[in-house]
Each structure stands twice: as structure tokens, then as C-alpha cells.
Amino acid sequence: MKKPVLAVINGGGCRQIECATGILQALDAAGIRIDRYTGSSAGAAVAALHASGNDGETLELLIRTTPARELFRPCWMHQALSLFGVPVDHIFDASGMYRLLLENITYLARRDVRVAVTRLRDYAAMMCDATPETVMASAAIPEVFPAVEIQGEKFVDGGVKNMIPTPKISEIGDYEHIYILLCNDDAPGPKPKTRIGRGIEAFSRTMDRETCQLYEEGWHELPNVTVIQPPPFPSSLLDWSEDYKLIEHARNYAATCLRRPGALRPPVPQTGKVPAPGTVSSFLLRKNLTMKMLVKDLFGVVILAGFGGFVRTLTGKNHGEPYNLKIGITEILIAIFAGMLVHWLCREYVVSDNLRTAAIALAGYSARGIMAILDTAIIQRCKGLAKFFGRLPLLLAVAALLILTPGCICTDTPAEEQQWWEYHERWGADGHGNWPWYGILILYAVAPFLN
């Protein structure tokens, strides 16, 4: 059995999100597939997003289309109230970051990623599975962002006690290779002139203590470990770099590091249930989906499923089954519908490309049988309901069902988020995608118009 490849990603705010994205792009380009992740603070967010099927290019798109001000907003009202003695435990509201994690993290992160958190009441360091809630806790800098409550306990930034969550020394041999992705430093600037400024700079430098210890212990000298830390670059903790150039800076440096002897492992062939590079789970619910991406994703599915339906129609005609142009067009449309459902279902469960292609073609070829079942079980009943209630009320009812379906609820509180994760874990669903159920509801909506 092949040993897994581990990526360890430390914290560093927006600076590390960009830096780690560039390094992951270099790893993707080199054909290196990460099997397991550990992350702390901002590194936990990058690890969970990448493990969820977002390759380096998708992460860069996410960064470029998400202004930092949407992730962190100053709580001016809270600060004003603090002047009158009202207790305030944070400066920034990070609800924008929480929404981004909810929209883009899938069950794969919970399976493959461990994140560092710090229990607030005694500052105990802990490791836990990655969910939007635990990742948010891992990045919650004390007094800067609000602590995250999980099962009655409050947790804050994992970097407080465990900035670089490396495995135990006894576990190093359990991995084929370990890639440690360290955040770059900011470019040197003028020295602070005030005592407070110098104190803040000295405090920020204490965050490098684990990096120094990592090199002193000789992690970079181990045969199955590659440490990648790009040189200093102008960047910030709470904002993106100018024109997002840090991503390219980190990518180019990482590509150089990976050309060194011993830094690479052989590419893993994409077979079985392996997340292929570039796979995006819950594809249609991606915040930054473009029409070009949608056409590229679905064009082959439509052609393959439609061709399967066309072949089945010709086969039925040759066997003397009822046939006319209307039946043929309807069968092909149902074939495309079935193929798209199978495509999204395979996406959600990260089925290999070969198996997904075969499943789409089979779904298209089975259009006549699917149509007969649906006609008996659904379409005739929908037509009856449409005649009784009218078509518009039925469409409105289906729209309400789509909004209220548990698989597509929006979770705004930790309690709702926990219920969402328990629902999807129970039914084995990924992310936000119960596409078969959505497909059935959509069919209910269009069935009254099928004459």
C-alpha cells in the first residue's frame, strides 16, 4: 500500500493564503497530489479549500474575486461601545470569511485535513477534523476576531500554540513525502520610530519562533521532507498583495525548489475514487462560477448523454417501437437530463473520470426506460396536479421546496452549520450538492408542460 503524501501549512493571514496558493499551483503543475493535510490559522483555510477539490488555479480565482474587505470588516460600533464600558472581545467581524468557507469546503476536507485550534479557557493546543466551523476557529486571532464556540467550548487561533502542525517524529516514516509550506516574510521596510511601533514589530517577530525551531531541528535535511518558504515579499496580514503578485512570486520559487533532487514524488495516475486536479465539488453553487466554466464543464456531458439517447432511439425504432420526431426529441432531452444528474452525482462523490464517462453514456442510453418510469411515477401525477391547482401555483410550490430543501440551506450560525454537517455526513452528501433531489424537483416543475 502506497504511503500518503502530507502537506503542512502554517498561518500568516492573507499573506499566507496567497503564498500557499502559489506553492500549491507549483505542486499541481509538477503532478504532485496531496493525500493528507495539516494546517493552522490561515493555513487551515488553504488546506481545507484545496482538499475540497479546489486546485491552485481555482484558489487564485477565489482570491482575485473576493476583496479582503469582504472577509474582515471593522466593528466600529463595538469599539465605540467599549468606550462606555461595554465588554468587547474582537475588533473585526469575520462573517465574510465564514460564508466563504461554508460555500467552498466539502466533506473531503473533514476526511483529509486536520487543523490546529486553541481552547480559549486554558489555551490548550488541539487538533481536529476540518469543517467550516473548526477552520474558522483555527484562524480566529484572539482579540482581533471573535472566538468560535463549538459544543459549548470557545476556541481561537491554532497558531497561538501550534503555528506549524508537523507530525510527531515517530510518524515521519508513515508518509512517502512531507511538504511544509511556510509563509513568506514581509519585505523589509523602514524601522519603526516609536516605542510602540518597535514593540509591535518585536511581538510579530516572535511568530517566527517555530520556523527557527523547524530549521534548527533539521526538518529540511530529512530525505522525505521538503520545506518551501519563499523569500520576503511586500504583503500584509489582512489584505492581498498589490495585483496579487505574491501568488506568482511563491509559485516561481516553489517550482525552483521542486526541481531539486528528492523534492518530487512520481505523479499518481487518476484511477478509482481519487480527486482529480481541477475537480470542483458542488460546481454550480460556486460563488465565482463563470459561463465559460459552466459551458466547458457541461458541453461534453450534453454531447455524450444526448448521443446515448439518440442511439437508444434508433435502436428502438429498428425494433418496431413507437417513434416520431416528438418522441425522439423528448427522449434525447430526458437523456441529457439523466446524464447531467449522473455527472453531478459523480462530481460530488469524486468518482474517477473513466467511470463517470461510462455512467453518463449509460444514463443517456437508458432514456426510454427512465422516461417510462418517470411518466408513471411523476409526470402523470404532475399533470393531474397542474390541472387541479394550475401550473403557476405548482411552479411556486416547487421553488419553495428547492429553497427549503435541507441540502441547500444557508447556515449563518455555528448551530445551523453543525446541523448542516451532520445532515450531509448522515446521507454521505458532499458540500452543498444534493443534485439528484434538485433534479427530481425541477422535473416536477417542468412535467406539466410536457404534453
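Heads up: these notes are all about the structure in this document. (Residues numbered from 1 in each chain as written. Predicted model: local features only at pLDDT ≥ 70, side-chain atom pairs only at ≥ 80, totals over all residues. Heavy atoms only, no water.)

Quick notes on helix H10 (residues 209–216)
Since one α-helical turn is 3.6 residues long, residues separated by three or four positions face the same way.
No. 1: Every buried residue belonging to H10 is among Glu 210, Thr 211 and Leu 214, and all of these are buried. Angularly, the buried residues of H10 cover 105° about the axis, an arc narrow enough to put them on a single face.
No. 2: The positive-phi residue at the C-terminal boundary of H10 is Gly 218, with phi of around 80°. (Buried < 20%, exposed > 50% of the residue type's maximum accessible area, 1.4 Å probe, protein only. Helix = DSSP H or I, 4+ residues; strand = E, 2+ residues; numbered from the N terminus. Arc of directions from axis to C-beta.)

Focus: the side chain of Arg 33
No. 1: As for its placement among the helices and strands, Arg 33 is situated in the loop between helix H1 (13–29) and strand E2 (36–40).
No. 2: Looking at Arg 33, its side chain comes within polar contact range of the side chain of Asp 35, at 2.5 Å. (Polar contact = N/O pair within 3.5 Å; in protein donor to acceptor, adjacent residues only side chain to side chain.)

Notes on the state of the cysteines
No. 1: Enumeration according to the criterion identifies zero disulfides in this entry.
No. 2: Cysteine Cys 183 is unpaired, with the sulfur of Cys 19 as its nearest cysteine sulfur at 5.4 Å. (Disulfide = S-S within 2.5 Å.)

Comments concerning the pairing of E2
No. 1: Counting buried positions along E2 gives four out of five residues, so the element sits mostly inside the fold.
No. 2: Here strand E1 (residues 5–9) pairs with E2 via four bridges, running parallel. Each bridged residue has a counterpart across the sheet, and for Ala 7 the counterpart in E2 is Tyr 37. (Pairing = 2+ DSSP bridges.)

Some points on helix H11 (residues 245–258)
No. 1: The end-to-end C-alpha distance of H11, which contains 14 residues, comes to 20 Å, matching closely the 20 Å that a straight helix rising 1.5 Å per residue would cover.
No. 2: Buried within H11 are the following residues: Leu 246, Ile 247, His 249, Ala 250, Ala 254, Cys 257 and Leu 258. Take H11 and look down its axis: the buried residues cluster within an arc of 160°, on one side only.
No. 3: Of the surrounding elements, those touching the buried residues of H11 are H1, helix H3 (56–64), strand E9 (177–181) and strand E10 (225–228). (Expected span 1.5 Å × (residues − 1). Contact = heavy atoms within 4.5 Å.)

Quick word on the environment of Leu 102
No. 1: When you line up the elements, Leu 102 lands in helix H6 (residues 95–104).
No. 2: Residues Leu 102 and Thr 131, 29 residues apart in the sequence, show an inter-C-alpha distance of 8.6 Å.

A few points about the pattern of salt bridges
A side chain with one charge can pair with a side chain of the opposite charge if their charged atoms come near.
No. 1: Applying the stated criterion to the full structure yields eight salt bridges.
No. 2: Ionic pairing is found between Asp 112 and Arg 36, a salt bridge with its closest N-O pair at 3.3 Å. In this pair, Asp 112 is assigned in helix H7 (residues 107–112) and Arg 36 in strand E2, connecting sequence segments 76 residues apart.
No. 3: Exposure remark for Asp 112: the relative accessible area of 8% places this residue in the buried category.
No. 4: For Arg 36, a relative accessible area of 38% corresponds to the partly exposed category.
No. 5: Residue Glu 153 is joined to Arg 121 by a salt bridge in which the shortest nitrogen-to-oxygen separation is 2.7 Å. Taken together, the residues Glu 153 in strand E8 (residues 153–157) and Arg 121 in the loop between strand E5 (113–119) and strand E6 (124–129) connect sequence positions 32 residues apart.
No. 6: Judged by its relative accessible area of 22%, Glu 153 falls in the partly exposed class.
No. 7: Residue classification places Arg 121 among the exposed positions, given a relative accessible area of 57%. (Salt bridge = Lys/Arg side-chain N within 4 Å of Asp/Glu carboxyl O.)

Concerning the packing of helix H2 (residues 42–51) against H3
Geometrically, a packed helix pair is captured by the angle between its two axes and the distance between the axes.
No. 1: Their axes nearest at 10 Å, the elements H2 and H3 cross at an angle of 125°. As summarised for this structure, H2 and H3 are arranged oblique, according to the angle between their axes. In this structure, the crossing between H2 and H3 has a hand that is right-handed. In this structure, H2 contributes Val 46, Leu 49 and His 50 to the contact, and H3 contributes Gly 56, Leu 59 and Leu 62.
No. 2: Each residue belonging to the contact of H2 with H3 can be placed in one class, and the counts come to four nonpolar, two polar and no charged. (Axes fitted to C-alpha atoms, helices over the stretch in contact; angles between N-to-C directions. Parallel < 35°, antiparallel > 145°, perpendicular 65-115°, else oblique. Left-handed = near helix turned anticlockwise from the far one by under 90°. Nonpolar A, V, L, I, M, F, W, Y, C, P; charged D, E, K, R; others polar.)

Regarding empty space enclosed by the protein
No. 1: Per the stated rule, a full pass over the model turns up two cavities of 30 Å³ or more.
No. 2: Here the largest cavity is characterised by a volume of approximately 120 Å³.
No. 3: Around the largest cavity sit 13 residues that line it, and Ile 17, Leu 49, Leu 62, Ile 63 and Leu 100 are the ones nearest its centre. (1 Å grid on protein atoms, 1.4 Å probe; cavity = no way out; pocket = protein on both sides within 12 Å on 5 of 7 lines; lining within 4 Å. Points joined across faces, edges and corners; volume = space filled by probe spheres on them.)

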